[in-house]
Structure formats: C-alpha cells, structure tokens
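Coordinate analysis (summary)
Below are the chains, spelled out letter by letter.
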Amino acid sequence: MFGAGAPWPVVAASQELRLSTIGPPEPHVQPDPDTWIAGFGSLPLLAQPGERWMYNTGASVLGVLLARATGQTFPEVLRTRLFEPLGMRDTAFWTSETDRLATAYLAKPDGLVVWDEPDGQWSRPPAFGDGAAGLVSTADDLLAFSRMLLGGGAPVLTAAAVRAMTSDQLTAGQKASGGLGPGFFARKSWGYCQAVYDGGAFGWNGGLGTSWIADPANDLTIVVLTQRLFESPELPQAHRDIHAAARTE
C-alpha cells in the first residue's frame, strides 16, 4: 500500500466536508468528486496561484479535471492509460482481494495500534479516486512504474513529460515559503508530484509507510513497503537507508 498523503495535521477544511490537503488518505470519508471540487472551490485562497508550494492539492484537482476531460472516472483513466499498458495489474484505489492487503499500524507511546485492517478502507471502491493519494499496489507494480520513468516514458509518457516530472519545478521564492517542516527542501526540490534530489534521483515517501527512489545514474530502483505509518516528517531509519543507498542525503 502506498500513498502521497502523510499522517500530519490537516491544513485546509470546510465545516461540511473533509477537504484535507495534508493528512493520511481516508477514502471512506471523502465525498464524490463533484462535491469535493465544489467545496474546495468555495474556500478562500491560502496564497496567490504559483506563490507557494502546496504539496498535493494540485494533484487532487487534476484528478477531477482529467475525469471531466476524458468522460471517465479518474480510476478508469489511470487503469486504461497507465496501469494496463505497464502491466500494473495490482494497482488501484481498492481491491476485493483483502487477503493480500496488509494491516496498517500506528505507533503510540505504549506500542503499535491497528490503524487500518485488510477489510478496512481499501476493501471497497471510494467515492472519490483522489489524484494525490490512496492507491494500493505491490513492489512489482512500483518497479514497473519506476522502470517506465527511467526508460524515458514509453509506452505511456513522452520523454519531455518525464523530464518535467523528474526535474526541479520550484522557484527559490516557492521554496522559501516553506515545505513540510524546517529544512524540507535541503538537497531536494519538487518535480510534478514527486521529490527530485540534487544528485538526480527522484521518488517519494508515502506517510502510510512506503518509499520508492529511482536513481538514473545507476539505473537503480529501491522500493520499501512497510506496515507502519510515519510518526513525523522525519523519515524512519528503514526509509533513510534507501536514501543513503541512492545517495540523496
């Protein structure tokens, strides 16, 4: 299981709807896409467009726009245009094969507690397939996705799109306005929906306990899938180790 969301405080929400921009994916509480985008559009701006880096907000909006542009649901867009061409048979927003889902745990002062069980949030279709987070997947599927990017995008993306996704897209001013904590942009920046590192590697860490890093210089992909949610923006040791292997630190 992997996702872009991290278990840190929500920074924008209305009283009527769950409109999280940062937080763990919670597909069971999100409304349908039309309700979500209407509620989101009713919120005041936190900053002028392009002034600040907003983590995953744009990806959530993009998922809604892609569905409207294609006449398909966003999960169908991903399935037909990305997952099936890449052979990613086990990646989706939910699965009926709950015996293959892992239990997710959250650390508490007195030990680990269950945050989500195999028959929990990802055992049924969500009302909103969020473009920012919430997919379940496998190491094999993540490897197929990484190989596509390392190989230049074929057969699903152009080489120009891959270059844009894997290169720094932030201005100095956007970085100065903050990331997800002090020093967040040290030795890294942001491409399109993933981190890009000064040494050329790219990838991301999902707050539900997963990491993947692709290192073009060494034609290397490292995938770590754990069952323990991150406890803070500081990476657990297992995830720091993969960054050391890819020389991103």
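Scroll up a little and you will see the structure.
Description of the structure in this document.

Reading the values: rules and limits
Residues numbered from 1 in each chain as written. Predicted model: local features only at pLDDT ≥ 70, side-chain atom pairs only at ≥ 80, totals over all residues. Heavy atoms only, no water. Helix = DSSP H or I, 4+ residues; strand = E, 2+ residues; numbered from the N terminus. Buried < 20%, exposed > 50% of the residue type's maximum accessible area, 1.4 Å probe, protein only. Expected span 1.5 Å × (residues − 1). Contact = heavy atoms within 4.5 Å. Salt bridge = Lys/Arg side-chain N within 4 Å of Asp/Glu carboxyl O.

With respect to unusual backbone geometry
Across the junction of Ala-154 and Pro-155, the peptide omega takes the value 5°, indicating a cis bond. Here Pro-155 lies in the loop between α4 (139-150) and α5 (159-165). Non-glycine residue Tyr-55 carries a positive phi angle of around 60°. Checked against the element boundaries, Tyr-55 lands in the loop between α1 (33-41) and α2 (57-70). Its relative accessible area of 8% is what places Tyr-55 among the buried residues. Even without being glycine, Asp-219 reaches a positive phi, approximately 50°.

Remarks on α4
For α4, spanning twelve residues, the distance from its first C-alpha to its last is 16 Å, which sits close to the expected 16 Å at 1.5 Å a residue. Its buried side turned inward, α4 meets α3 (74-86), α5, β5 (202-206), β6 (210-215) and β7 (220-225). In the segment just after α4, Gly-152 is the residue with positive phi, at about 100°.

Quick look at the pattern of salt bridges
In this structure the tally under the stated criterion is eight salt bridges. For the salt bridge of Arg-68 with Asp-34, the shortest nitrogen-to-oxygen distance reads 3.1 Å. Taken together, the positions of Arg-68 in helix α2 and Asp-34 in helix α1 put the pair 34 residues apart, joining distant regions of the chain. Classification of Arg-68 as exposed rests on a relative accessible area of 52%. On the accessibility criterion, Asp-34 (47% relative accessible area) is partly exposed.

Functional significance is not addressed by these values, which are geometric in nature.
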